[in-house]
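Letter by letter, the chains look like this.
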Amino acid sequence: MYGLSHDKLPRHLAVIMDGNGRWAQERMLKRILGHQRGVETVRVIVEECSRLGIKYLTLFAFSAENWLRPKTEVKALMSLLKKYIRIETSRMIESNIRFNVIGAREELPPDVDQLVQEAIERTAGNTGMVLTLALSYGARQEIINASERIAADLASGRLAVADINEKVFSSYLFTAGMPDPDFLIRTSGEMRISNFLLWQLAYTELYFTDVNWPEFSAQELHRALHDYQSRERRFGRTSAQLQNRS
């Protein structure tokens, strides 16, 4: 494992879990087997992030565009999601992890959404890491929804134009109450954001790896975090300005 400085870990880590299907195809296996292996990786990474003391972990699990995949694959993914939530809720309670979901939950099958709600309620009192799954999530739609809600509040008088700023706008997003991600990891070699947390990633450090998600181990996580800790986050300032502030 890489030597990590615990006081320099990202407060909020976001992950685009890519490459399940590719991993399976490379081994001439059915795609669903790649997704099943990917669920095992989720368990490993969640446990390691919790152990390290990362406060927020957000995983891009199912995008709004994923509904366009073959119906058999979507059905299998929803079945895997239900199984994961059933099994992991008890583990999250034992590990003091709070469960959260962002996205268009109304588009989820009712039985899936019910399990999601139960897991959220059962872990609501936990004070450790916040695990967020992005389900039926699309960042552009999130921003449109936020804009519609702001417009409605303006029309009703609950909000004034002069009140609108970045902090207020953020409070209308799915991630309200959460800090923006400090670090984003994307697996499988693709170098794009794919409509994920577009507003929230404005100053996020990005990390891309060729490793497919089913093979993204705790050691690979440490490798990525070590890279993050080698970076200087300036937020528009110069290095000299940062040194003067310290």
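Just so you know, these numbers come straight off a predicted model, no measurement behind them.

Caption draft 1: Fine view of the packing of helix H3 (residues 71–94) against helix H4 (residues 110–122). For the pair H3 and H4, interaxial distance at closest approach is 10 Å and the crossing angle is 15 degrees. Compared by their axis directions, H3 and H4 come out roughly parallel. Crossing handedness for the pair H3 and H4: left-handed. Residues Met-78, Leu-81, Lys-82, Ile-85, Arg-86, Thr-89, Ser-90 and Ile-93 of H3 form the contact with H4, whose own contacting residues are Asp-111, Val-112, Leu-115, Val-116, Ala-119 and Arg-122. Its residues placed into classes, the contact of H3 with H4 shows eight nonpolar, two polar and four charged.

Caption draft 2: Local environment of the UniProt feature "active site" (unreviewed entry) in the protein. Feature annotation in UniProt assigns "active site" (unreviewed entry) to the following positions: Asp-18 and Asn-66. A maximum C-alpha distance of 12.3 Å places the annotated residues, which cover 49 residues in sequence, within one compact spot. From the list above, the largest pocket is lined by Asp-18 and Asn-66. Considering the arrangement of structural elements, one finds Asp-18 in the loop between strand S1 (12–16) and helix H1 (20–26). Residues within four places of Asp-18 in sequence aside, it is in contact with Arg-186, Thr-187, Ser-188, Glu-190, Asn-212 and Trp-213. Within the secondary structure layout, Asn-66 lies in the loop between strand S2 (56–63) and H3.

Caption draft 3: Structural view of the pattern of salt bridges. Counted under the stated rule, the structure contains 16 salt bridges. As a salt-bridge pair, Arg-105 and Asp-113 come within 2.7 Å of each other at their nearest N and O atoms. Its relative accessible area of 22% is what places Asp-113 among the partly exposed residues. Measuring nitrogen to oxygen at the nearest pair gives 2.6 Å for the salt bridge that ties Arg-231 to Asp-227. Taking the relative accessible area as the measure of exposure, Arg-231 reaches 27% and is therefore partly exposed. Here Asp-227 falls in the partly exposed class, since its relative accessible area comes to 27%.

Conventions and cut-offs
Residues numbered from 1 in each chain as written. Predicted model: local features only at pLDDT ≥ 70, side-chain atom pairs only at ≥ 80, totals over all residues. Heavy atoms only, no water. Axes fitted to C-alpha atoms, helices over the stretch in contact; angles between N-to-C directions. Helix = DSSP H or I, 4+ residues; strand = E, 2+ residues; numbered from the N terminus. Parallel < 35°, antiparallel > 145°, perpendicular 65-115°, else oblique. Left-handed = near helix turned anticlockwise from the far one by under 90°. Contact = heavy atoms within 4.5 Å. Nonpolar A, V, L, I, M, F, W, Y, C, P; charged D, E, K, R; others polar. UniProt positions renumbered as here; feature names shortened; annotations may be inferred. 1 Å grid on protein atoms, 1.4 Å probe; cavity = no way out; pocket = protein on both sides within 12 Å on 5 of 7 lines; lining within 4 Å. Salt bridge = Lys/Arg side-chain N within 4 Å of Asp/Glu carboxyl O. Buried < 20%, exposed > 50% of the residue type's maximum accessible area, 1.4 Å probe, protein only.

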